[in-house]
Amino acid sequence: IIMLVISITLSMGQMGITSWIARYMAVQYDMESLGAICITLYWIFATVNRFLMPKIKIKGIKLLLYGSVLFAIFLLIGIFSGSPIVMSIMVSLCGLVSGHFCPVTFMVAAEDYKEATTLTTSINSLAMNIGRVLIPIIIGAVKAVTDMNFGMVMTVIATVLGVVACLAFMAIKKKEAKEKA
């Protein structure tokens, strides 16, 4: 269950940026074209991340945890910076620290079910898709009653919930290891 929460919340973080950043830049800064550039930069840096991750010694759930923490910090800085340039840089950095979310989530979910990787991948894909469907609606609803900044903060909150879920997952795994020893 906790792994599904991780899948949902981290996909909400990624989709929150990719589904709303163009609108955010248009509304907040009257810079529609910069919003499109932000989406491109996010995915370029997310791709760079996937090439860099195999070289990093941190693996598994810790990689999800650290990426999530940095993602939330970078996006929060961007949102409250008041600068379209800072926001663009922070969105790029979000891509750099989150490109691994999907493949690493699949890997971590399958670690205990090596004989059923198709099932774990399918269930995690479903969870990710739930998150991807929910976050644009949540951002839009919050924006409708507050403003665009607080709408985008929903992406940060979702990612912070992912951080909490990662910590809970790590605590459970630590407890299980102690019980086996």
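Residues numbered from 1 in each chain as written. Predicted model: local features only at pLDDT ≥ 70, side-chain atom pairs only at ≥ 80, totals over all residues. Heavy atoms only, no water.

S.K.: Explanation requested: the overall build of the protein chain in the structure shown.
M.R.: Across its full length, the protein chain carries seven helices and zero strands. Order of helices (α) and strands (β) in the protein chain, N terminus to C terminus: α-α-α-α-α-α-α. Taken against the 2.2 N^0.38 rule, which gives 16 Å for 181 residues, the C-alpha radius of gyration of the protein chain at 17 Å falls within 12% of a compact globule. Along the longest, intermediate and shortest principal axes, the C-alpha atoms of the protein chain span 60 × 35 × 25 Å. (Helix = DSSP H or I, 4+ residues; strand = E, 2+ residues; numbered from the N terminus. Rg over C-alpha atoms; globule rule 2.2 N^0.38 Å.)

S.K.: When you look at the pattern of salt bridges in this model, what are you seeing that I'm missing?
M.R.: Side chains carrying opposite charge are able to pair once their charged atoms draw close together. Here the structure, examined in full by the defined rule, presents two salt bridges. Salt-bridge contacts for Lys173 lead to Glu176; the nearest nitrogen and oxygen are separated by 3.5 Å. Here the residue Lys173 and the residue Glu176 both occupy positions in helix α7 (residues 148-180), the gap between them amounting to three residues, near one helical turn. Assessed through its relative accessible area of 26%, Lys173 is described here as partly exposed. Members of the salt-bridge network, linked through shared partners, are Asp112, Lys173 and Glu176. (Salt bridge = Lys/Arg side-chain N within 4 Å of Asp/Glu carboxyl O. Buried < 20%, exposed > 50% of the residue type's maximum accessible area, 1.4 Å probe, protein only.)

S.K.: Any chance you could explain α7 here in plain terms?
M.R.: Every α-helix winds through 3.6 residues per turn, so residues three or four apart in the chain are directed the same way. Across its 33 residues, α7 extends 49 Å between first and last C-alpha, which sits within 8% of the 48 Å expected from 1.5 Å per residue. One side-chain oxygen of the residue at the start of α7 lies 3.2 Å from the amide nitrogen of Asn149, identifying that residue as Asp147. (Expected span 1.5 Å × (residues − 1). Polar contact = N/O pair within 3.5 Å; in protein donor to acceptor, adjacent residues only side chain to side chain.)

S.K.: Would you mind going over the nonpolar core with me for this structure?
M.R.: In summary, soluble globular proteins display a tendency toward joint burial of nonpolar side chains. Formed by 30 residues in total, the largest nonpolar core has its most connected members in Ile21, Tyr24, Leu75 and Met87. When residues of this core are traced back to their parent elements, those giving at least two are α1 (2-29), α2 (32-52), α3 (60-81), α4 (84-98), α6 (117-145) and α7. Sort the elements by how many residues they give to this core and α1 lands first, with seven residues. Once residues lying within four places of it in the same chain are set aside, the contact partners of Ile21 are Gly16, Gly35, Cys38, Ile39, Met87, Val91 and Met152. Counting 16 residues, the second largest nonpolar core, distinct from the first, contains Val104, Ala109, Val163 and Phe169. (Core = buried A, V, L, I, M, F, W, Y, C linked by side-chain atoms within 4.5 Å. Contact = heavy atoms within 4.5 Å.)

S.K.: Please clarify how the side chain of Ser98 should be interpreted in this entry.
M.R.: Tracing the sequence through the fold places Ser98 in helix α4. Once residues within four sequence positions are removed from consideration, Ser98 is found in contact with Gln14, Tyr42, Asn49 and Phe71.

S.K.: Explanation requested: unusual backbone geometry in the structure shown.
M.R.: Glycine aside, the phi torsion of most residues is negative, and most peptide linkages are trans. Here Asp30, not a glycine, exhibits a phi torsion of approximately 55°, which is positive. Inspection of the secondary structure puts Asp30 in the loop between α1 and α2. Residue Asp30 is classed as exposed on the basis of its relative accessible area of 71%.

S.K.: Help me out: how do you make sense of a nonpolar patch on the surface in this one?
M.R.: On the surface, a nonpolar cluster with roughly 300 Å² of combined accessible area is contributed by Val69, Leu70, Ile73 and Ile77. Along the chain, Val69 turns up in helix α3. Looking at Val69, the relative accessible area reads 32%, which means it is partly exposed. (Patch = residues over 30% accessible without salt bridge, like charges linked within 9 Å, V, L, I, M, F, W, Y side chains within 5 Å. Areas by Shrake-Rupley, 256 points an atom, 1.4 Å probe, with all protein chains shown as cover.)

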